[in-house]
Amino acid sequence: MTGSSSKHANEIPKSVAVAHWGEHANGGGDRLAWELSRVFADAPFYVGYRDADIEPEDIESTQLIGGRFFEWALGRDGILRQFAHLLGWQLAEPIREYDVLVTSGNEPLFYVPPDDQVWVAYIHHTNRRQSDQIAEVASSRFRPLKLLLYYAMRVAYDHNTHKPDRFVVNSEIVKRRVVRYWGVPEEKVAVVYPPVATEEYSPDDESTGDYYLTLSRLDWHKDIDGIVRAFNESGHRLVVAGDGPEREKLESIADDNVEFDGYVSEKRKRELLAGAKAFVFNGRDEDFGIAPVEALAAGTPLLGVEEGMTQYQVVSGKNGYHHSRSGAPRSIVDSVTTFESQGVSWSPDRIANFADRFSVEAFHERMREVVTQTVDETDVEPDWYADLT
């Protein structure tokens with residue numbers, strides 16, 4: 001494998017590979033991995049499991065984990081898929097020949113790299129049910145069994161979390177978790193915000209309507225029910241965009257001022273974001289939160305819960321207002337009332353400019369910087385050797 005020099009900024013060895021845990025969902029993790037492939041455009045792109053139907057036209061991947069059993073297991077959900085990833089990633093032979101490896105997702109952490117390969121691992125979270133969300137088992141009637149299971153999972157998994165030369169995480173919140181729950185030294189963890197296509201959104205003062213908007217997958221951890229109950233109480237018009245397992249329940253508790261748009265196209269999403277009075281977000285201890293950033297990029301104020309990364313995306317009184325989960329739905333009602341009476345001090349353009357720190361361009365620049373720095377720091381060539389060659 002080849003060495004590297006720090007003489008040129010963002011100079012990365014030619015022998016680079018990018019590998020993603022698997023194209024299973026067409027979700028935020030997949031989109032980030034595809035963007036990583038664009039950052040290192042000349043590098044081959046491997047995936048643990050490939051679904052060509054969801055890949056963008058400019059992305060071409062190679063499936064890393066093969067064989068009859070693995071193909072069968074990877075195509076299923078749950079424990080079988082996880083077991084296949086656990087076995088398949090350990091060797092991952094095609095990626096072993098590269099000088100530098102950039103991975104996406106948690107499953108690649110089972111990989112055992114050659115000792116001279118530089119490895120940068122982008123992850124989105126720790127194992128949350130076994131770490132920061134463990135208190136949620138308190139009300140479970142299977143509490144002792146779950147705690148035993150979670151302990152076994154930590155023992156089985158956490159020792160795999162120390163092999164990369166550097167971790168990259170999507171927010172300062174996740175960095176804290178990686179240091180605390182996995183015991184990774186703080187200096188080995190870099191923050192690079194996920195790429196949000198902020199350039200596709202822009203303020204449109206003329207289109208601002210009479211509605212508030214929330215947009216996400218309608219799942220329990222997004223706590224949309226707290227938003228719906230708040231707007232039942234306030235009487236203001238709320239548009240709920242997105243679909244998911246909670247939709248039927250949410251529709252059953254909603255009053256007539258709450259509308260459900262279901263899944264919306266990208267074009268319709270941009271229209272809704274630009275036209276909303278404000279965007280309301282209530283996700284539980286969110287790692288990052290892309291939808292709130294998209295709203296800000298559209299110049300739309302953000303009414304967000306004061307926890308997770310959301311608390312830092314809101315600059316109270318300037319681009320939005322905080323509410324508390326413990327006080328919801330009343331706290332959300334109060335936030336809306338404050339916004340109605342006082343507005344925010346930043347203009348739509350100023351709000352949009354704030355979102356640029358989360359842009360695709362910023363992601364590209366920062367990722368190349370982190371990989372270059374990691375290559376430089378892992379050079380084991382003796383200081384005296386260069387003088388002899």
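Heads up: the structure comes first, above all this text.
Predicted model only: the values in this text are computed from it and were never measured.

## Looking at the pairing of strand β8 (residues 211-215)
Now for step 1: Counting buried positions along β8 yields 5 of 5 residues, so the element is predominantly enclosed.
Now for step 2: Side chains of β8 alternate between two faces, with Tyr211, Leu213 and Leu215 and Tyr212 and Thr214 buried alike.
Now for step 3: Sheet topology note: the β8/strand β9 (residues 237-241) ladder contains 5 bridges and is parallel. Residue pairing for β9: Leu213 is matched across the bridge by Val239.

## Here's the deal with the packing of helix α6 (residues 224-234) against helix α11 (residues 330-342)
Now for step 1: For the pair α6 and α11, interaxial distance at closest approach is 8 Å and the crossing angle is 60 degrees. It follows that α6 is oblique to α11 by the angle criterion. Between α6 and α11 the crossing geometry is right-handed. Residues Gly226, Ile227, Ala230, Phe231, Glu233 and Ser234 of α6 form the contact with α11, whose participating residues are Arg330, Ile332, Val333 and Val336.
Now for step 2: Looking at the contact of α6 with α11 residue by residue, the classes come out as 6 nonpolar, 2 polar and 2 charged.

## A closer look at a nonpolar patch on the surface
Now for step 1: Residues Phe69, Trp72, Phe83, Leu86 and Leu87 make up a contiguous nonpolar surface patch of roughly 430 Å² in combined accessible area.
Now for step 2: Mapped by element, the contributors of at least two residues to the nonpolar patch are α2 (68-74) and α3 (79-91).
Now for step 3: Mapped onto the secondary structure, Phe69 falls in helix α2.

## Considerations on the packing of aromatic side chains
Now for step 1: Following the criterion strictly, the structure yields 14 aromatic pairs and no others.
Now for step 2: With a centroid separation of 5.3 Å and 55 degrees between ring planes, the pair formed by Tyr212 and Phe231 is classed as tilted. One end of the pair, Tyr212, is in strand β8; the other, Phe231, is in helix α6, and 19 residues separate them in sequence.
Now for step 3: Here Tyr212 falls in the buried class, since its relative accessible area comes to 0%.
Now for step 4: Judged by centre distance (5.8 Å) and plane angle (50 degrees), the rings of Trp346 and Phe354 are tilted.
Now for step 5: Residue Phe354 is classed as buried on the basis of its relative accessible area of 7%.
Now for step 6: Members of the aromatic cluster, joined through ring pairs, are Tyr193, Phe288, Trp346, Phe354 and Phe358.
Now for step 7: In this arrangement the basic side chain of Arg350 is found over the ring face of Trp346, its NZ or CZ atom lying 4.0 Å from the centre.

## Some thoughts on the nonpolar core
Now for step 1: Counting residues in hydrophobic clusters, the biggest one holds 30 residues, and the most contacted among them are Trp89, Ile95, Leu109, Phe167, Val178 and Trp182.
Now for step 2: Those elements giving two or more residues to this core turn out to be β1 (16-20), α2, α3, β5 (118-123), β6 (166-169), α5 (172-182) and β7 (189-191).
Now for step 3: Not counting residues within four places of it along the chain, the set of residues in contact with Trp182 comprises Asn106, Leu109, Ile123, His125, Thr126, Asn127, Tyr157, Asp158, Thr161, His162, Phe167 and Arg177.
Now for step 4: Counting residues in hydrophobic clusters, the runner-up holds 29 residues, among them Tyr211, Leu273, Ala297 and Trp346.

## Here's the deal with the pattern of salt bridges
Now for step 1: Overall, the coordinates contain 27 salt bridges when judged by the stated rule.
Now for step 2: In this structure, the salt-bridge partner of Lys222 is Glu286, at a minimum N-O distance of 3.3 Å. Remark: Glu286 occurs in the loop between β11 (279-281) and α9 (290-297) and Lys222 occurs in the loop between β8 and α6; sequence separation between them is 64 residues.
Now for step 3: Assessed through its relative accessible area of 14%, Glu286 is described here as buried.
Now for step 4: Bridged by salt links that share partners, the residues Asp223, Arg284, Glu307 and Arg325 form one connected network.

## Section: the side chain of Ser359
Now for step 1: For Ser359, the position within the fold is in the loop between α12 (348-354) and α13 (360-377).
Now for step 2: At 3.1 Å, the side chain of Ser359 forms a polar contact with the backbone oxygen of Asp356.
Now for step 3: A distance of 3.1 Å separates a polar atom in the side chain of Ser359 from the backbone nitrogen of Ala362.
Now for step 4: With near-sequence residues (within four places) excluded, Ser359 lies in contact with Pro195, Val196 and Thr198.

## Examining the sheet that holds strand β3 (residues 62-63)
Now for step 1: Spatial strand order, β3-β2-β1-β4-β5-β6-β7: 7 strands in an open sheet with parallel pairing. Bordering the open sheet on either side are β3 and β7, each of which pairs with just one other strand.
Now for step 2: Here strand β2 (residues 45-47) runs beside β3; their pairing, made up of 2 bridges, is parallel. Note that in β3 the partner of Tyr46 across the bridge is Thr62.
Now for step 3: Strands in contact with helix α1 (residues 28-39) are β1, β2, β4 (100-104) and β5; relative to β4, the strand with the most contacts, it is inclined by about 160 degrees.

Thresholds applied
Residues numbered from 1 in each chain as written. Predicted model: local features only at pLDDT ≥ 70, side-chain atom pairs only at ≥ 80, totals over all residues. Heavy atoms only, no water. Buried < 20%, exposed > 50% of the residue type's maximum accessible area, 1.4 Å probe, protein only. Helix = DSSP H or I, 4+ residues; strand = E, 2+ residues; numbered from the N terminus. Pairing = 2+ DSSP bridges. Axes fitted to C-alpha atoms, helices over the stretch in contact; angles between N-to-C directions. Parallel < 35°, antiparallel > 145°, perpendicular 65-115°, else oblique. Left-handed = near helix turned anticlockwise from the far one by under 90°. Contact = heavy atoms within 4.5 Å. Nonpolar A, V, L, I, M, F, W, Y, C, P; charged D, E, K, R; others polar. Patch = residues over 30% accessible without salt bridge, like charges linked within 9 Å, V, L, I, M, F, W, Y side chains within 5 Å. Areas by Shrake-Rupley, 256 points an atom, 1.4 Å probe, with all protein chains shown as cover. Salt bridge = Lys/Arg side-chain N within 4 Å of Asp/Glu carboxyl O. Phe/Tyr/Trp six-rings, centres within 6.5 Å; stacked < 30°, edge-to-face > 60°. Lys NZ or Arg CZ within 6 Å of the ring centre and 35° of its normal. Core = buried A, V, L, I, M, F, W, Y, C linked by side-chain atoms within 4.5 Å. Polar contact = N/O pair within 3.5 Å; in protein donor to acceptor, adjacent residues only side chain to side chain.

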